[in-house]
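Commentary on secondary and tertiary structure
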Amino acid sequence: MIKFLAYAFLFFVAAILQSVVVPHIEIMDAQPSFLLILTVITALRQGSLAGCVMGFMSGLFCDVYAPVEWLGAFSFSYCIVGFAVGQIEESFINLDLFPKIIVLILADFLKDIIYCFSIGKTTA
Amino acid sequence: MKIFRYIARICRWARGSAVFAALICFSLYMQFTQVKNKQNVADFLFSSVFYLPQSAVSFVFRIGDLSKENTLLKKENAKLKLEVDLTKEYAIENERLKRLLFFENQWDYPIFLTQIIGHNPGPYMTTVVVNSGTSDSIFYGMPVFTTNGLVGKVSKVFPSHSMVQLLSDPNSRTSVISQRSRVLGMMFARENGEMQVQISSYADLVPGDTLVTSGLGGIYPKGIPVGVVTKLEKNNIEVLNSGNIELLQHIESLEEAFIIRKPADWIVWTGN
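Rules used in this analysis
Residues numbered from 1 in each chain as written. Chains lettered and ligands numbered in written order. Predicted model: local features only at pLDDT ≥ 70, side-chain atom pairs only at ≥ 80, totals over all residues. Heavy atoms only, no water. Helix = DSSP H or I, 4+ residues; strand = E, 2+ residues; numbered from the N terminus. Buried < 20%, exposed > 50% of the residue type's maximum accessible area, 1.4 Å probe, protein only. Contact = heavy atoms within 4.5 Å. Areas by Shrake-Rupley, 256 points an atom, 1.4 Å probe, with all protein chains shown as cover. Patch = residues over 30% accessible without salt bridge, like charges linked within 9 Å, V, L, I, M, F, W, Y side chains within 5 Å. Salt bridge = Lys/Arg side-chain N within 4 Å of Asp/Glu carboxyl O. Pairing = 2+ DSSP bridges. Axes fitted to C-alpha atoms, helices over the stretch in contact; angles between N-to-C directions. Buried area = accessible area lost by both parts, 1.4 Å probe. Polar contact = N/O pair within 3.5 Å; in protein donor to acceptor, adjacent residues only side chain to side chain. Left-handed = near helix turned anticlockwise from the far one by under 90°. Nonpolar A, V, L, I, M, F, W, Y, C, P; charged D, E, K, R; others polar. Core = buried A, V, L, I, M, F, W, Y, C linked by side-chain atoms within 4.5 Å. Phe/Tyr/Trp six-rings, centres within 6.5 Å; stacked < 30°, edge-to-face > 60°. Lys NZ or Arg CZ within 6 Å of the ring centre and 35° of its normal.

Moving on, we get to the overall build of chain A. Looking only at helices and strands, one finds five helices and zero strands in chain A. Traced from its N-terminal end to its C-terminal end, chain A shows the element sequence α-α-α-α-α. Considering chain A as a whole, with its 124 residues, one finds that 47% of them fall into the buried category. For chain A, restricting intrachain contacts to residue pairs at least 6 apart in sequence, the fraction spanning at least 24 positions comes to 62%. On chain A, roughly 6,600 Å² of surface is accessible, and the fraction owed to carbon and sulfur atoms is 73%.

Take a nonpolar patch on the surface next. Taken together, the side chains of Leu97, Phe98, Ile101, Ile102, Ile105, Leu106, Phe109 and Ile113 of chain A present a nonpolar region at the surface, about 850 Å² in accessible area. Within the element layout of this structure, Ile105 of chain A appears in helix α5 (residues 97-123).

With that settled, the discussion passes to the sheet that holds strand β1 (residues 111-119) of chain B. Residues and elements named next belong to chain B. The sheet built from six strands closes into a barrel, its strands ordered β1-β2-β5-β4-β3-β12 with antiparallel pairing. Between one strand and the next, the sheet's axes are offset by a mean angle of 45°, whatever the strand orientation. With five bridges connecting them, strand β4 (residues 150-157) and strand β5 (residues 162-166) associate as antiparallel partners. What sits directly across from Val154, in β5, is Val164.

Taken together, the contacts link 29 residues of chain A with 30 residues of chain B. Between chain A and chain B lies a buried interface of about 2,600 Å² when both sides are counted; carbon and sulfur atoms form 82% of it. Remark: the boundary between chain A and chain B carries zero salt bridges. Here chain A and chain B share three residue pairs in polar contact (both at pLDDT 80 or more) between them. Element by element, the count of residues in the side of chain A that touches chain B is highest for helix α3 (residues 48-65) of chain A, at nine residues.

All names here are of chain B. Notably, Ser137 is not glycine yet its phi reads approximately 60°, a positive angle. When you line up the elements, Ser137 lands in the loop between β2 (127-130) and β3 (143-145). Its identity is not glycine, yet Arg182 carries a phi of approximately 60°, on the positive side. With respect to the helices and strands, Arg182 occurs in the loop between β6 (173-178) and β7 (184-189).

Time to look at the pairing of strand β10 (residues 225-233) of chain B. Residues and elements named next belong to chain B. Note: strand β9 (residues 210-213) against β10, three bridges, orientation antiparallel. What sits directly across from Val212, in β10, is Pro225. Direction of pairing for β10 relative to strand β11 (residues 240-247): antiparallel, over a ladder of six bridges. Each bridged residue has a counterpart across the sheet, and for Lys231 the counterpart in β11 is Asn244. Joining the antiparallel neighbours β10 and β11 is a turn of six residues.

Moving on, we get to the packing of helix α2 (residues 34-46) of chain A against helix α4 (residues 73-92) of chain A. Residue and element names in this part refer to chain A. One can describe the packing of α2 onto α4 by two numbers: an axis separation of 8 Å at closest approach and a directional angle of 35°. Here the hand of the crossing between α2 and α4 comes out right-handed. Residues Leu35, Leu36, Thr39, Val40, Ala43 and Leu44 of α2 form the contact with α4, whose participating residues are Tyr78, Val81, Gly82, Val85, Gly86 and Glu89. Class assignment for the residues of the contact of α2 with α4 results in eight nonpolar, three polar and one charged.

Grouped together as the largest cluster of nonpolar side chains are 41 residues, with contacts concentrated most on Phe11, Leu35, Val40, Cys79 and Val85 of chain A together with Phe50 of chain B. Of all the elements in the fold, those that place two or more residues in this core are α1 (2-21), α2, α3, α4 and α5 of chain A together with α1 (2-32) and α2 (35-49) of chain B. If you tally residues by element for this core, the top one is α4 of chain A, at eight residues. The contact partners of Phe11 of chain A, leaving out residues within four places of it in the chain, are Leu35, Leu38, Met54, Met57, Ser58 and Phe61 of chain A together with Phe50 of chain B.

A few words now on the sheet that holds β9 of chain B. Residues and elements named next belong to chain B. Spatial ordering of the closed barrel is given by β6-β7-β8-β11-β10-β9, a layout of six strands whose pairing is antiparallel. Ignoring strand direction, the axes of neighbouring strands in this sheet form an average angle of 40°. Bridge count between β6 and β9: three bridges; the pairing is antiparallel. The residue bridging Ser178 from the neighbouring strand is Leu211, located in β9.

Attention shifts here to the packing of aromatic side chains. Evaluated as defined, the whole model comprises seven aromatic pairs over all chains. Centroid distance Phe26 of chain B to Tyr29 of chain B: 6.4 Å. Interplanar angle 25°. Geometry classified as stacked. Residue Phe26 of chain B and its partner Tyr29 of chain B are located together in helix α1, separated by three residues, close to a single helical turn. In textbook terms, an aromatic cluster arises when at least three aromatic residues are bridged by ring pairs, as seen for Phe56 of chain A together with Phe26 and Tyr29 of chain B. We note Lys262 of chain B situated over the ring of Tyr109 of chain B; from NZ or CZ to the ring centre the distance is 6.0 Å.

Function cannot be inferred from these measures alone, as they are strictly geometric.
What follows is the structure, encoded as structure tokens:
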């Protein structure tokens, strides 16, 4: 229960940071995604079930800010990413810091690919 | 024991997969449902699941917006103040010009509106500069006045501007007449700037009487209001009594004036 509340609080903080701070941060046209980082961290630490739930919630939060026609695209992509990262963690038992960063980068790529695919599918 | 461990692992995997499948199905439902349903789902998420983070985000944005709004309102306030001031100025100018328009029809001579563009330095105003000169057919000795009363006369003329000798110049003398009792007097300014009138000691003049130009000096036409008697010093021994006058047109507040295009009837030339 305490873990659940701790992750809920982290989600709350990440959501506020994503909405308020991120629009003011831009490094070479790129912006950080605190919600994705939280999703990956949750999946790496708690496994695929927690990862996909956190990913779904994070995606849903992003969805409500996106155009209503694309509702569900973010939750779909974040959920898959959370589940996939959790599967990697369970398969490889323990990852060091460097592989974790690689996993985060790959997760971002995967999320973008799935999201673009979903949008194209939806608008078509 | 090993079998139980495998079963437990499979159960855990099945539970995770089931949740994952359910969430994916819900995501796909949201994606492929009608826009109206999407809107309903989004509204529900806004008002329930994400209400707390949403309120926190709104609160932070509101604080940021308040600062911006404050700056904008300050700017707008300054702009509006300026506009109000300008409008007030236009209203005053409008009122003044209306009076001038009415005033213009009272005289037999053509009158010319001129702006005051300068005055002599020093504690007492004795001369002002107006932006009309010989190019506007302004010549020496023409009377200058406003809707309130007499101001002075043109004392020097240049092509584009002229100098006006004010009534407050100690070297100026003006023949005046009481509007009520029709007694004549001579008005002049003292060194300290006070305006005075000299009348014969038996003349009927009381404080509050309005003095107008008598038309005897050869420069000012008859009947231009000049000032009001404020104080009278009666002295039965002296031949002449003197009284203080308050000019109807305060010299300090001059902005524009009329010049009557009336040539002087005669000029007492004091120069060499």
